[in-house]
Amino acid sequence: MAARQNKYSVVGKRQPKLDAPLKVTGRSEFTDDIRLPGMLHGKIVRSPIAHGKIKAIDTSRAEKVPGVRAVITHKDTNGLMVGPDQPLLCEESVKYIGDEVAAVAAIDEDTALEAAELITVEYEPLPALLTLDQAIKEDAPILHQYYEDNFADERTTVLGDPDASFEKADHIRIDEFTSSPNHNCFAELHTALADFSRPDKLSLWSPTQSALLFQKALAQNLGLSEGNVRVRSLNTGGAFSGRVSAKPHHYIAALLSRKAGRPVKILADADEEFIICRSGGRNKYRLKTGFMNDGTLKVFEADFLHDCGAYVEEQFVVLLLAECILHMLYKVEALRYQGRLVYTNNIPYVYHHGGGMTPVQFALGQHLDRIAHDLGMDPVQLQLKNAVDKNYTTIHGTHYASCGLTECINKVARKSGWEKKRNKLPPFRGIGIGCGVMSSGGKGMWVHDTSAAFIKLTEDGKASLFTGLPDMGQGSHTTMAMIAAETLGICADDITVVSGDTDIAPFDVGAFSQRGTFTTGNAVKNACLDARKQLAKTAAEKLGVRPSQLVFNDRKVYPKGRVDEAISFEDIVFDTLHCAEGRFVMGRGFYNSPTDKPSLAYSFGAQVAEVEVDPETGEVRLLKMTVAHDVGRAINPLAVEGQLDGQVFSGIGQILFEECIMEKGQVLNPSRLDYALPRPFEIPQIERIIVETNDPYGPFGAKEVAEGPMVTTAQTIANAVSNALGHPIDEIPIRPERILKIIKQKKQASSEKNRQPSKTMVHHSEANNT
């Protein structure tokens with residue numbers, strides 16, 4: 001399946017990004033490039049304490065600063081809430097370091113900063129809850145008084161009969177894991193430019209994954225109709241699951257603009273970037289699995305605690321996705337799941353790249369690796385024994401019309417030399433395998449999952465493709481152009497993609513939940529089929545055949561098998577416009593997955609990591625990653641390879657490097673210098689294997705490749721490090737100090753063992769036999 005013969009003229013070809021020349025020459029526009037006449041600069045006054053009452057706010061000195069045009073506090077917000085429990089600007093209390101209290105707009109950034117520093121706020125500090133353990137104590141202070149405790153939300157699911165499955169299991173294993181706070185680290189800092197100088201019309205420029213969701217939220221909260229909110233996203237410099245919804249600074253820029261009567265831009269500085277971003281928090285994962293002597297997995301039980309920080313925004317998604325992972329990858333017969341969000345006085349946490357699934361799959365991958373160790377079983381064989389496959393229906397009712405998981409496992413095992421290396425490497429060298437799954441869409445999280453597209457053709461045979469799908473650098477617009485070109489029988493270079501403006505672009509929920517290629521791609525294909533149908537009427541009349549007999553290919557239209565009679569695509573478009581009807585060709589299409597499940601298609605992957613640990617420094621050196629991913633069909637193999645490389649990078653970061661060091665609710669490393677990310681020389685050799693299973697529902701068989709590889713990388717590396725150390729990994733990221741602690745513990749345990757008389761060792765799984 002990995003090397004199919006390509007029957008298409010555009011799809012499957014290595015197409016460079018269509019916007020590459022603009023990007024490399026600095027001509028691509030981002031939000032901070034926009035300068036509007038009379039534009040002001042905004043700054044936000046934030047709480048310096050994690051929890052406290054507001055006694056008084058004095059803005060008088062700030063208002064007197066020359067060049068200041070607007071100052072706002074809660075008095076100017078009309079009680080505006082940006083979440084169910086989050087006021088836009090705090091009135092009575094603050095609940096985390098960085099909570100928004102006031103804001104100013106001035107003629108330049110320095111003046112705005114000076115004025116913001118002159119706003120005085122008197123606080124009465126209150127006890128802060130900064131850990132999950134503190135927050136869930138029975139006698140803990142209640143952070144939001146309309147709750148009886150600090151549990152913000154809860155999701156429980158029972159599938160099958162977990163109790164009966166545990167009773168039948170030969171073994172039970174229980175493990176607990178912890179993930180640390182981190183940050184999405186976009187290339188483009190958070191920024192918003194708002195023009196609310198007209199009372200009935202708001203224009204907003206901002207990087208986003210969903211202009212539509214921004215538009216809806218801003219309209220609802222500001223009392224406007226959606227048609228009177230125009231959102232322009234231009235280019236977006238990275239998102240990694242972190243730019244889905246409007247945040248406080250978007251509303252603050254709008255209110256400052258309305259009060260000043262001029263456009264206002266707010267650009268985050270380095271410290272603010274780590275406050276504004278809603279990334280992952282310190283979460284706890286408890287897994288319990290019942291399994292048989294032959295390695296068959298029977299039942300999963302999971303209890304997850306997520307630190308949602310001070311306020312609830314979209315964290316409910318974390319609870320849903322964490323559950324899905326547990327029944328999507330393996331053929332278990334039962335599941336019991338409980339996921340809870342916990343209020344603390346930390347920054348509001350949502351998730352890092354991967355929708356919160358990266359740490360969950362790390363925990364599951366490490367857990368299964370330990371089960372294989374308990375059984376004396378090769379982890380590859382454990383994965384193969386339990387892996388889902390084509391036409392399998394999960395206990396949740398999700399059906400897989402395509403699935404290349406076992407092919408991925410077999411290919412990475414063979415390519416990496418698994419059998420020659422497993423348990424045969426030198427000390428402190430290790431090898432590990434991990435598997436992952438990801439949906440191509442997220443139906444159910446929002447009201448619907450619709451994407452629409454519109455294409456218009458000009459007399460010269462060129463086309464303009466209108467889509468609401470943003471491109472955050474991953475090349476989705478090039479992919480859409482390739483789908484359009486293949487459908488119309490022209491070249492990708494003939495397509496101009498128009499996006500990033502809600503007044504122009506058609507409806508699209510956005511670029512998240514790995515829905516772009518699958519959902520928007522299907523909409524684009526449908527729009528182009530509509531346009532092709534209009535062209536086919538003209539071509540059929542000229543060629544004297546039925547429309548169904550026509551072939552559109554290589555900028556030509558001809559009857560099937562009669563290429564010598566071909567008419568140029570350009571001529572067909574021209575003749576259609578200049579026919580008696582005078583038809584200007586415009587195609588429209590939409591797609592909304594007909595299932596009630598998150599998607600009709602799921603990608604699968606397997607990876608093998610080989611690592612070396614330095615016992616003196618605790619540093620992990622990645623030697624090689626072997627990466628196989630089932631993408632359905634690679635629309636653009638060049639882009640797929642780029643996605644594989646980029647997601648391995650992201651997975652390496654989350655598992656080995658990335659951590660926000662917290663102290664009393666404060667981020668101690670809020671800069672790109674102090675927040676650790678993988679450097680180029682720390683990226684290993686990556687052997688890529690593209691597996692194609694040709695999904696029947698995807699456009700030309702394609703599925704997602706947006707996050708599936710990345711959630712596989714993290715667990716794979718953790719399993720390799722665990723193999724190198726001969727010790728399990730319970731906490732991520734696997735920083736050098738944590739590895740040194742493990743090595744020290746092993747040495748101490750070995751010394752104590754040598755001093756004691758020998759006794760029978762009991763495996764963890766045996767200690768939990770039913």
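In this report, we go over the structure that sits alongside the text. (Residues numbered from 1 in each chain as written. Predicted model: local features only at pLDDT ≥ 70, side-chain atom pairs only at ≥ 80, totals over all residues. Heavy atoms only, no water.)

Some points on the overall build of the protein
Just so we agree on the cut-off: Going along the chain from the N terminus, every DSSP run of H or I of four or more residues is numbered as a helix, and every run of E of two or more is numbered as a strand. In this description the radius of gyration comes from C-alpha coordinates, and the expected globular size is given by 2.2 Å times residues to the power 0.38. Burial status follows relative accessibility: with a 1.4 Å probe on protein chains alone, a residue under 20% of its type maximum counts as buried, one over 50% as exposed, and anything between as partly exposed.
Looking only at helices and strands, the protein has 20 helices and 31 strands in total. The C-alpha atoms of the protein give a radius of gyration of 28 Å, which matches the 27 Å a tight globule of 770 residues would have. Taken along its principal axes, the extent of the C-alpha atoms in the protein is 100 × 75 × 50 Å. Burial statistics for the protein: of 770 residues in total, 60% are counted as buried.

Describing unusual backbone geometry
With omega at 5°, the peptide bond leading from Ile732 into Pro733 counts as cis. Structurally, Pro733 is set in the loop between β31 (731-732) and α19 (736-755). Here the phi dihedral of Asp554 falls at roughly 55°; this positive angle occurs in a residue that is not glycine. Following the sequence through the fold, Asp554 ends up in the loop between β22 (550-553) and β23 (556-559). Backbone geometry places Arg555, a non-glycine residue, at a positive phi of 60°. One can find Arg555 in the loop between β22 and β23.

Notes on the sheet that holds strand β13 (residues 229-232)
Using the following cut-off: Strands are labelled as partners when DSSP assigns at least two bridges between them. Note on definitions: angles span 0 to 180 degrees between N-to-C directions of axes, and those axes are lines fitted to C-alpha atoms, for helices only across the stretch in contact.
In space, the seven strands of this open sheet follow the order β3-β7-β1-β14-β11-β12-β13, with mixed pairing throughout. Only two strands of the sheet have a single neighbouring strand rather than two, namely β3 (68-72) and β13. Averaged over all pairs of adjacent strands, the angle between their axes in this sheet comes to 20°, without regard to strand direction. Relative to strand β14 (residues 264-267), strand β11 (residues 191-198) is paired through four bridges, and the arrangement is antiparallel. Note on β14: the bridge partner recorded for Ala192 is Ile266.

Side note on the sheet that holds strand β8 (residues 120-125)
Taken in spatial order, the three strands of this open sheet run β6-β2-β8, and their pairing is antiparallel. Edge positions in the sheet fall to β6 (93-94) and β8, since each has one partner strand and no second. Bridge count between strand β2 (residues 52-58) and β6: two bridges; the pairing is antiparallel. In the strand pairing of β6, Lys53 is matched with Ser93.

Notes on the side chain of Lys624
Applied cut-off: Within 3.5 Å is the distance limit for a polar contact, defined as a pair of N or O atoms, with the added protein rule that one can donate a hydrogen and the other accept it, and that residues adjacent in sequence qualify only through two side-chain atoms. The contact rule is simple, with two residues in contact once any of their heavy atoms fall within 4.5 Å.
By the secondary structure assignment, Lys624 is in strand β27 (residues 620-630). Within polar-contact distance, the side chain of Lys624 engages the side chain of Glu687 at 3.0 Å. Non-local contacts of Lys624, meaning those with residues more than four positions away in its chain, are made with Lys415, Val608, Ala609, Glu610, Pro684, Gln685 and Glu687.

Quick word on the pattern of salt bridges
Charged atoms that come close allow side chains of opposite charge to pair. Where we set the bar: Salt-bridge detection follows one rule: a side-chain nitrogen of Lys or Arg within 4 Å of a carboxyl oxygen of Asp or Glu.
Counted under the stated rule, the structure contains 52 salt bridges. Put simply, Asp503 and Lys201 hold a salt bridge, and the shortest N to O gap is 3.7 Å. With Asp503 in the loop between β21 (495-498) and α15 (516-543) and Lys201 in strand β12 (residues 201-205), this pair connects stretches of sequence that are 302 residues apart. On the basis of relative accessible area, Asp503 is assigned to the partly exposed category, the value being 40%. A relative accessible area of 15% places Lys201 in the buried class. Linked through salt bridges whose partners overlap, the residues forming this network are Asp163, Glu176, Arg286, Glu301 and Arg336.

Notes on the pairing of strand β7 (residues 100-106)
Across the seven residues that make up β7, a large majority, seven, are buried. Sheet topology note: the strand β1 (residues 40-46)/β7 ladder contains six bridges and is antiparallel. Across the sheet, His41 pairs through a bridge with Ala106, a residue of β7. The pairing of β3 with β7 spans four bridges and is classified as antiparallel.

Some points on helix α17 (residues 637-657)
Applicable threshold: Expected span of a helix: the number of residues minus one, times 1.5 Å.
The terminal C-alpha atoms of α17 lie 29 Å apart, and with 21 residues this matches the ideal 30 Å at 1.5 Å per residue to within 8%. Counting buried positions over the 21 residues of α17 gives 15, a clear majority of the element.

Quick look at the packing of α17 against helix α18 (residues 708-725)
To be explicit about the condition: Note that the term roughly parallel is reserved for angles under 35 degrees, roughly antiparallel for angles over 145, roughly perpendicular for angles of 65 to 115, and oblique for everything else. Left-handed is the label given to a crossing in which the near helix is rotated counterclockwise from the far helix by less than a right angle, and right-handed is the label when the rotation is clockwise. The classification used treats Ala, Val, Leu, Ile, Met, Phe, Trp, Tyr, Cys and Pro as nonpolar, Asp, Glu, Lys and Arg as charged, and all other residues, Gly among them, as polar.
In the contact formed by α17 and α18, the axes pass within 8 Å of each other and the chain directions differ by 45°. By the criterion of interaxial angle, the relationship of α17 to α18 is oblique. As α17 runs across α18, the sense of the crossing is right-handed. Along its contact with α17, which presents Leu644, Gln647, Val648, Ser650, Gly651, Ile652, Gln654, Ile655 and Leu656, the element α18 presents Gly708, Pro709, Met710, Thr713, Ala714, Ile717 and Ala718. The residue inventory of the contact of α17 with α18, partitioned by class, reads 10 nonpolar, six polar and no charged.

With respect to the pairing of β11
Note: β11 against β12, four bridges, orientation antiparallel. Among the inter-strand pairings, Asp195 is bridged to a residue of β12, identified as Ser203.

Describing the environment of Glu486
Take Glu486: it is sitting in helix α14 (residues 476-488). In the structure, Glu486 is positioned 478 residues away from Tyr8 in sequence and 7.3 Å away in space, judged by C-alpha atoms.

Description of the packing of helix α9 (residues 316-328) against helix α10 (residues 357-375)
Here α9 crosses α10 at 35°, and the two axes come no closer than 9 Å. The hand of the α9/α10 crossing is right-handed. Of the residues in α10, those touching α9 at Leu321, Ala322, Ile325 and Leu326 are Met357, Val360, Gln361 and Leu364. In terms of residue class, the contact of α9 with α10 is built from seven nonpolar, one polar and no charged.

Digging into the side chain of His74
Mapping His74 onto the fold places it in the loop between β3 and β4 (81-83). Those residues in contact with His74 that lie beyond four places of it in its chain are Ile57, Leu89, Cys90, Glu91 and Val101.

Description of the packing of aromatic side chains
The relative placement of two aromatic rings is captured by the distance of their centres and the angle of their planes. To be explicit about the condition: By convention, a stacked pair of Phe, Tyr or Trp rings (six-membered ring in the case of Trp) has centres within 6.5 Å and planes under 30 degrees apart, an edge-to-face pair has planes over 60 apart, and any other such pair is tilted.
Scanning the model with the defined rule gives 12 aromatic pairs in all. Relative to Phe304, the ring of Tyr285 has its centre 5.0 Å away and its plane inclined at 80°; by these criteria the two rings are edge-to-face. With Tyr285 in strand β15 (residues 283-291) and Phe304 in strand β16 (residues 297-309), the pair connects residues that are 19 residues apart, well separated along the chain. Looking at Phe304, the relative accessible area reads 1%, which means it is buried. Measuring from centroid to centroid gives 5.9 Å for Phe518 and Tyr591, while their planes differ by 80°, and the two rings are edge-to-face. Of the two residues, Phe518 is situated in helix α15 and Tyr591 in strand β25 (residues 586-591); the sequence distance between them amounts to 73 residues. One aromatic cluster in this structure is built from Tyr146, Tyr147 and Tyr343.

Let's talk about the state of the cysteines
Our working rule: Cysteine sulfur atoms are paired as a disulfide whenever they fall within 2.5 Å.
Inspection of every chain in the model, using the stated rule, returns zero disulfides. This cysteine, Cys308, is not joined by any disulfide, and Cys277 carries the nearest cysteine sulfur, 15 Å off. The thiol of Cys324 is unpaired, and the distance to the nearest cysteine sulfur, on Cys403, comes to 16 Å. Owing to a relative accessible area of 10%, Cys324 belongs among the buried residues under this scheme.

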